[in-house]
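Residue-level structure breakdown
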Amino acid sequence: MKVAQLLLMGGKNSRMGRPKALLTWRGKTFFERITEEMRICGPVYISVDKKEHVPACSFPVIEDRYEAIGPMGGLASALEVISEDALFVCACDMPKVTAELIRKLTVYLDEDTDAVIVRKENGRLYMTGAVYSKKLLPGLKEQIRKKNYRMRSVLERARVKFLDFEELGLRPDSLDNINTPEDYENLIRDEII
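This text gives an overview of the structure that appears in the document. (Residues numbered from 1 in each chain as written. Predicted model: local features only at pLDDT ≥ 70, side-chain atom pairs only at ≥ 80, totals over all residues. Heavy atoms only, no water.)

Time to look at the pairing of strand 6 (residues 86-91). The element strand 6 is extensively covered by neighbouring structure, given that 6 of its 6 residues are classed as buried. Every second residue of strand 6 is oriented toward a common face, with A86, F88 and C90 on one face and L87, V89 and A91 on the other, all of them buried. Here strand 1 (residues 3-8) runs beside strand 6; their pairing, made up of 6 bridges, is parallel. Bridging across to strand 6, L6 finds its partner in V89. (Buried < 20%, exposed > 50% of the residue type's maximum accessible area, 1.4 Å probe, protein only. Helix = DSSP H or I, 4+ residues; strand = E, 2+ residues; numbered from the N terminus. Pairing = 2+ DSSP bridges.)

Another point: the packing of aromatic side chains. How two aromatic rings sit relative to each other is set out by the distance from centre to centre and by the angle between their planes. For the structure on display, the rule yields 3 aromatic pairs. Judged by centre distance (6.5 Å) and plane angle (65°), the ring pair of F31 and F59 falls under edge-to-face. Separated by 28 residues along the polypeptide, F31 in helix 1 (residues 30-41) and F59 in the loop between strand 4 (44-48) and strand 5 (61-63) bring together distant segments of the chain. Measuring from centroid to centroid gives 5.5 Å for Y126 and F165, while their planes differ by 85°, and the two rings are edge-to-face. Within this pair, whereas Y126 is found in strand 8 (residues 125-133), its partner F165 is found in helix 6 (residues 165-168), the two being separated by 39 residues in sequence. Judged by relative accessible area, Y126 falls into the buried class, the value being 2%. Assessed through its relative accessible area of 7%, F165 is described here as buried. (Phe/Tyr/Trp six-rings, centres within 6.5 Å; stacked < 30°, edge-to-face > 60°.)

Leave glycine aside and you will find that most residues have negative phi; peptide bonds, for their part, are mostly trans. Residue R26 is not a glycine yet carries a positive backbone phi of 55°. In this structure R26 comes out as exposed when scored by relative accessible area, which is 54%.

Quick look at the sheet that holds strand 5 now. Where strands meet in a sheet, backbone hydrogen bonds hold them as pairs that are either parallel or antiparallel. One open sheet holds the 7 strands; their spatial order is 5-4-1-6-8-7-9, and the pairing between them is mixed. What marks the edges here is a single partner per strand, and that holds for strand 5 and strand 9 (160-164). Averaged over all pairs of adjacent strands, the angle between strand axes in this sheet comes to 25°, irrespective of strand direction. Note: strand 4 against strand 5, 3 bridges, orientation parallel. Opposite S47, over in strand 5, you have I62 as the bridge partner. Strand contacts of helix 2 (residues 71-81): strand 1, strand 4, strand 5, strand 6 and strand 8, with the helix running at about 145° to strand 1, the strand carrying the most contacts. (Axes fitted to C-alpha atoms, helices over the stretch in contact; angles between N-to-C directions. Contact = heavy atoms within 4.5 Å.)

Here we take up the packing of helix 2 against helix 4 (residues 137-145). In a pair of packed helices, the angle between the axes and the distance between the axes together describe the arrangement. Two elements in contact, helix 2 and helix 4, have axes whose closest approach is 10 Å; the angle formed by their N-to-C orientations is 135°. Here helix 4 runs oblique to helix 2, going by the angle between their axes. The way helix 2 lies across helix 4 gives a crossing that is left-handed. Of helix 4, the residues touching helix 2 (which contributes M72, L75, A76, L79 and E80) are L137, L140, K141, Q143 and I144. Considered class by class, the residues forming the contact of helix 2 with helix 4 number 7 nonpolar, 1 polar and 2 charged. (Parallel < 35°, antiparallel > 145°, perpendicular 65-115°, else oblique. Left-handed = near helix turned anticlockwise from the far one by under 90°. Nonpolar A, V, L, I, M, F, W, Y, C, P; charged D, E, K, R; others polar.)

Now the structure itself:
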């Protein structure tokens, strides 16, 4: 199956107070870091609420067709227009995502799987940092029509492979989101230590 990558950038950045994609870590913006890793794995698309919110780049930009409903709107909009069979979806505030992680997840996608989701020991599911097949599009559209924007509602009726960090051989922090100034300070401080 052909898998492309989708970087979600439609958020309001309200908790951070500034665009998270432009935060720097290890000498690069989150946007640069994540797209460099994604590009190793294949085509990259950028999902935004408005096209004017994208840093200058050469990647195709997909504007949300479903406004102000969060990641579900970006995912549905992208699945409607891509030519590939599926998307690895990552938020712009996940700077630790690597090509290795993307490859380890996409290998589990097959004709009998609609999504590949990582879960933590406590059962928390990572809805971003996951792989979604085009086969989910009817379910996404149905939930959007019902104004139920929870991904869990779509996944309840889908064929999902749930994977644990340890079985993937990944660090437990590899899908962490940097949502607040405190998260960002901790990310920077951990690099210094």
